[in-house]
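Letter by letter, the chains look like this.
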Amino acid sequence: MGDVHGRLDLLDRLLGQITRDAEDAPNLVKSLIFLGDYIDRGPDSARVIERLINGLPPMFSTVCLRGNHEDVMVRFLSDLRAAPGWLTYGGRATLTSYGVPAPAPDAPPAELAEAQRALNLALPEPHRAFLSGLRCQATLGDYHFVHAGVRPGVPLDRQKDADRLWIRHEFLNSSADHGKIIVHGHTVASEPESYANRIGVDTGAYATHRLTAVVLEGTERRFLSTA
């Protein structure tokens with residue numbers, strides 16, 4: 001599943017579609033892999049995290065990967081240097097979802113420190129553990145799952161987490177065989193992208209109302225979407 005970005009309404013709708021789709025294949029082993037960026041921008045970051053912890057369909061094994069937005073939020077909890085970037089790119093919505101008044105990105109240091117302190121107090125321990133424990137990659141069959149992509153020419157087991165979370169043009173413009181088909185989010189496209197070496201499923205849900213997942217069954221690829 002692509003980037004949720006605080007849209008619990010779309011997450012619930014797509015989970016319903018996924019569950020109904022899976023019921024048509026009762027004998028298959030089913031895995032649900034989330035590609036990160038659960039928080040920021042949309043209104044319900046805290047409730048999205050709660051759903052991922054406690055409200056997923058029981059018929060699936062589940063893997064939740066780390067996105068760059070979760071990475072920056074976790075850094076903000078202990079390092080105020082992360083504040084301006086996080087607050088600029090959606091973190092204010094996440095603070096609000098936890099009941100914390102959200103300062104401007106250029107607020108005085110004392111105001112940023114107060115937001116940091118308040119979020120540390122408001123963040124439930126299960127949410128903190130979930131965010132801190134997110135993986136940066138997973139492999140299943142012929143597919144390798146990351147948030148943003150991989151650096152071409154580097155073996156998958158030697159990739160840097162910074163690239164898995166942030167890479168864009170070098171990966172998107174590459175036609176290289178990466179050893180596995182890379183399934184990723186991070187970069188918004190109007191339609192899900194399906195190429196020989198990668199599948200992109202970030203369709204900008206927070207702004208377009210279109211949250212997308214790819215269904216992988218053998219060599220078949222098909223997409224489910226909320227719009």
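Residues numbered from 1 in each chain as written. Predicted model: local features only at pLDDT ≥ 70, side-chain atom pairs only at ≥ 80, totals over all residues. Heavy atoms only, no water.

Trainee: Give me the overall build of the protein chain: which residues, what numbers.
Mentor: From N to C terminus, the protein chain includes nine helices and nine strands. Expected size for 227 residues packed as a compact globule is a radius of gyration near 17 Å; at 17 Å, the protein chain falls within 12% of this value. If one aligns the C-alpha atoms of the protein chain with their principal axes, the spans along those axes are about 55 × 40 × 30 Å. When each of the 227 residues of the protein chain is scored for burial, the buried share is 53%. Across the protein chain, contacts joining residues at least 24 apart in sequence account for 61% of those joining residues at least 6 apart. As displayed, the protein chain has an accessible area near 10,500 Å², and 52% of this comes from carbon and sulfur atoms. Across the protein chain, the mean location of the 24 positive side-chain charges is 2 Å away from that of the 28 negative side-chain charges. (Helix = DSSP H or I, 4+ residues; strand = E, 2+ residues; numbered from the N terminus. Rg over C-alpha atoms; globule rule 2.2 N^0.38 Å. Buried < 20%, exposed > 50% of the residue type's maximum accessible area, 1.4 Å probe, protein only. Contact = heavy atoms within 4.5 Å. Areas by Shrake-Rupley, 256 points an atom, 1.4 Å probe, with all protein chains shown as cover. Lys, Arg positive; Asp, Glu negative; His and termini not counted. Charge placed at Lys NZ, Arg CZ, Asp CG, Glu CD.)

Trainee: Break down helix α2 (residues 45–54) for me, with residues and values.
Mentor: S45, A46, V48, I49 and L52 are the residues of α2 that are buried. One side of α2 carries all its buried residues, which in axial view fall inside an arc of 160°. Buried residues along α2 sit in contact with α1 (8–22), β1 (31–34), α4 (83–97) and α6 (125–132). (Arc of directions from axis to C-beta.)

Trainee: If you had to explain α4 to someone new, which residues and values would you point to?
Mentor: Helix length check: α4 (15 residues) gives 17 Å between terminal C-alpha atoms against 21 Å at 1.5 Å per residue, more than 12% under. The largest bend along α4 reaches roughly 85° and is located at G90. Those residues of α4 that sit buried are A83, W86, L87, G90, G91, T94 and L95. Its buried side turned inward, α4 meets α2, α3 (68–76) and α5 (109–122). Where α4 ends, the next residue or the one after it, G99, has phi of about 75°, a positive value. (Expected span 1.5 Å × (residues − 1). Bend = angle between axes of the 7 residues up to and from the residue.)

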